[in-house]
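# Breakdown of the fold
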Amino acid sequence: MKIPQDILNKVEKLRHELNENNYHYYVLDDPKISDAAWDKMFQELKAIELEYPDLVTPDSPTQRIGAKPLKSFSEVQHEIPMLSLDNAFTDEDVTDFDERVRDRLGETESVQYSCEPKLDGLAVSLRYENGKFVQGSTRGDGMTGENITTNLRTLQMVPLQLRGKDYPAVLEVRGEVYMPKAGFLALNKNAEEKGEKIFANPRNAAAGSLRQLDPNITASRPLSIFCYGVGKVEGKKLPDKHSEILACLKTWGLPISSDTTVVDGIEKCLAYHQKMQAKREKLAYEIDGVVYKVNSIKEQEELGFVSRAPRWAIAHKFPAEQAHTVIESVEFQVGRTGALTPVARLKPVSVGGVTVSNATLHNMDEVRRKQIHMGDEVIIQRAGDVIPEVVSVVASHHAKKEIHLPAHCPVCHSTVEQIEGEAIARCTGGLFCPAQRKESIKHFASRRAMDIEGLGDKLVDQLVEAKLITNAADLFDLSLEQLADLERMAEKSAQNLLDALEKSKKTTLARFLYSLGIREVGEATAKNLAKSYGDLQPLFSATEETLQDIEDIGPVVAKHIVAFFAEEHNHKVIDKLIKAGIHWPKVTVAHKTQALTGQTFVLTGTLSTLTREEAKEKLENLGAKVAGSVSAKTSYVVAGVDAGSKLKKAKEMEVTVLDEDEFLKLLKTHS
Ligand code: IVH
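Scoring rules and cut-offs
Residues numbered from 1 in each chain as written. Predicted model: local features only at pLDDT ≥ 70, side-chain atom pairs only at ≥ 80, totals over all residues. Heavy atoms only, no water. Helix = DSSP H or I, 4+ residues; strand = E, 2+ residues; numbered from the N terminus. Rg over C-alpha atoms; globule rule 2.2 N^0.38 Å. Buried < 20%, exposed > 50% of the residue type's maximum accessible area, 1.4 Å probe, protein only. Contact = heavy atoms within 4.5 Å. Areas by Shrake-Rupley, 256 points an atom, 1.4 Å probe, with all protein chains shown as cover. Axes fitted to C-alpha atoms, helices over the stretch in contact; angles between N-to-C directions. Left-handed = near helix turned anticlockwise from the far one by under 90°. Nonpolar A, V, L, I, M, F, W, Y, C, P; charged D, E, K, R; others polar. Patch = residues over 30% accessible without salt bridge, like charges linked within 9 Å, V, L, I, M, F, W, Y side chains within 5 Å. Salt bridge = Lys/Arg side-chain N within 4 Å of Asp/Glu carboxyl O. Lys, Arg positive; Asp, Glu negative; His and termini not counted. Charge placed at Lys NZ, Arg CZ, Asp CG, Glu CD. Phe/Tyr/Trp six-rings, centres within 6.5 Å; stacked < 30°, edge-to-face > 60°. Lys NZ or Arg CZ within 6 Å of the ring centre and 35° of its normal. Near = heavy atom within 4 Å. Polar contact = N/O pair within 3.5 Å; in protein donor to acceptor, adjacent residues only side chain to side chain.

### Some words on the overall build of the protein chain
Across its full length, the protein chain holds 24 helices and 24 strands. Taking 2.2 N^0.38 as the reference for a compact globule, 671 residues should give roughly 26 Å; the C-alpha atoms of the protein chain span a radius of gyration of 29 Å, in line with that estimate. In terms of overall dimensions, the protein chain has a C-alpha envelope of 90 × 70 × 60 Å along the principal axes. Considering the protein chain as a whole, with its 671 residues, one finds that 46% of them fall into the buried category. Taking contacts inside the protein chain between residues at least 6 apart in sequence as the whole, the part at least 24 apart equals 66%. Surface accessibility of the protein chain: about 35,100 Å² in total, with carbon and sulfur atoms responsible for 51%.

Next comes the structure, spelled out in structure tokens:
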């Protein structure tokens, strides 16, 4: 059907007006028309598109919502990693940061910084190709995120088409999706009325809303975004100052925080921190601190990165939020490794808008050190996502009662043991203890482990209590009938869980190792183990000695790993898991072809041309290990000026000692 020209014109005009008004409303914070007028235009456009479906384009303002629910999120590889930031908590941390920056830049005068609020939400990356929004993703682990394009499209302030013409052919914008305070309160109020789940804080609400498979749910949530940087850029050179890049993003239609400013020197950064702290309550969104970034891109490049954070930026956090309340009772929780944590049940109190009724007391040493009793009036604090804790006692009353470590586990009644010199007391029940069983299964199912969607904490509790499972491997024996028979479980959700279990079988060796819950083996260690051993079998026979050749693994971790694989029960569970079909792609073992692999260095004294950190980095880049003390395993001791006891020990043990010149020569020959 031929579409009349006046209709074509009208559609173009409506789309342009709708987009321009969004830009005025969300980016410039200066609305030009009323909400009702906007809605009217929107309805008009919708009506025309209904009549002439051929006119619908993916970037039409009507096409933000309405995509069908996804089965799962696909993965997105970040070509430029999404990094995190180092934290500073005191003014001194901040001035130290500035000193490091100036040292490296050889700058005696002040450095120019961009100061920005640190929003408490979820980091995302928006990819534009030729001005069109083509992909949106979460940060994930920084290298791989989830594709949440359809969800991000539902945010009115995310332009589907960039404004103007001078944007780069490829532009990845980095920003933070957050839920404004008012929207969060309204969402929770509504949920409460309907008896639905309540979010603990705006950050969780934002994250939960973005990770919905059904974009219609995301669309119904009051989400917003601020952009604070760029990733991959192709086809155009951006300005050489961070603040100017932000200004460009704004002209292209992307929302930037209006509280961002540029200052000279670190003193002014500290003043900015104070100003924002005073303003914090009044802001429409939660911030947990501010960020300082070296403004010159050239200087940023010169400074570079250390592991996962740039050297050119730092987050200056606000002090945690505190409140007064009373400890009504104390209970002991048993964790995955049997650790007993005293938890204070509090008279509920609101801390920064969140109701707190439990706080951790960490361990008995802390209880004694802070002289905490039941019945005490205390100060509690909440910092971001961290579990609230008791900071100190304000007043102790007559009715106070001492807190005692129980002699037996409150869950399985096994003996509680506290090893000399360790702060933590543990239940000795091992996997006989239902609490430890539950926690280890929850860990196994968690997102960063086997990622079994829908297997939440409550469900694991239910399954263990109903004796349907005793370990992680039993999960794969569950039948539809068994699951559907559980309370609050319909056939549909039971089937969804079976599907999720099936899906989780395809994993990676690193994830699998992490999910086993070996003590002290976190994600990073699991990745290193996978990289070094390539498969599970060789790990079974690894010794404490060989394990310690791996990055980050010291004697304690090595001991835990060996102990784990020495346990017959663990082998049975692993066998069963593999039989159930858990599998992973082959890992190619990192070939150690670097020049100094297998050599251990100890650094002592001061070098004149390198800091200790730099020397360490250079050695590690060549495959060497840098240890803190001289032992039989030490290959070389590098002795700078004022070398002390380590040099003495090296001489006693007849270890080769290198002076600075010899050391630099060695680096040069191998680089
Ligand atoms: S810059 C390479 N700027 O904080 C620099 N991050 O702790 C990477 N965040 O993952 C981040 N506001 O999610 C930057 N103005 C801001 C920010 C900000 C919030 C978040 C972001 C990041 C995390 C790092």
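### Quick look at unusual backbone geometry
Within the chain, His-362 stands out as a residue other than glycine whose phi angle is a positive 65°. One can find His-362 in the loop between β16 (354-360) and α11 (364-369). At Lys-467, a residue that is not glycine, the phi angle is positive and equals roughly 60°. Its place among the elements puts Lys-467 in the loop between α13 (457-465) and α14 (480-484). What makes Lys-467 exposed here is its relative accessible area of 72%.

### Brief notes about the packing of helix α1 (residues 5-27) against helix α2 (residues 35-51)
Where α1 meets α2, the closest approach of the two axes is 10 Å, and the angle between their N-to-C directions is 145°. Crossing handedness for the pair α1 and α2: left-handed. Contact with α1, carried on its side by Ile-7, Lys-10, Val-11, Leu-14, Arg-15, Glu-17, Leu-18, Asn-21, Asn-22 and Tyr-25, involves Asp-35, Trp-38, Met-41, Phe-42, Glu-44, Leu-45, Ile-48 and Glu-49 of α2 and no other residues of that element. Class assignment of the residues belonging to the contact of α1 with α2 gives a composition of ten nonpolar, two polar and six charged.

### Digging into the environment of Tyr-228
Within the fold, Tyr-228 resides in strand β8 (residues 224-234). Since its relative accessible area comes to 26%, Tyr-228 is described here as partly exposed. Between the alpha carbons of Tyr-228 and Ser-635 there is a distance of 46 Å; along the sequence they are 407 residues apart. Setting aside residues up to four positions removed in sequence, Tyr-228 forms contacts with Glu-116, Ala-123, Arg-174, Gly-175, Glu-176, His-242, Leu-246 and Lys-293.

### Concerning a negative patch on the surface
Residues Glu-92, Asp-96, Glu-99 and Asp-103 make up a contiguous surface patch of negative charge. Topologically, Asp-103 is positioned in helix α3 (residues 91-105). Judged by relative accessible area, Asp-103 falls into the exposed class, the value being 63%.

### Things to note about the packing of aromatic side chains
Aromatic ring pairs are described here by two measures, namely the spacing of the ring centres and the angle between the planes. Going through the model one piece at a time under the given rule, you end up with twelve aromatic pairs. An aromatic cluster is present here, built from Tyr-178, Phe-226 and Tyr-285 joined pairwise through their rings. Against the face of Tyr-23 rests Arg-163, its NZ or CZ located 3.8 Å from the ring centre.

### A word on the pattern of salt bridges
Counting across every chain of the model gives 33 salt bridges. Linking Lys-118 and Asp-288 is a salt bridge whose minimum nitrogen-to-oxygen distance equals 3.7 Å. Here the residue Lys-118 occupies a position in strand β3 (residues 112-119), and Asp-288 occupies one in strand β10 (residues 287-294), the gap between them amounting to 170 residues. A relative accessible area of 14% means that Asp-288 is categorised as buried.

### Some words on the site of the ligand
The environment of the ligand is formed by 15 residues, the closest being Glu-116, Ala-123, Glu-176, Tyr-228 and Lys-293. At a separation of 2.4 Å, an oxygen atom of the ligand approaches a polar side-chain atom of Glu-176. Considering every element that reaches the shell around the ligand, the biggest residue donor is β3, with four residues. Here the residues of the shell around the ligand sort into nine nonpolar, one polar and five charged.

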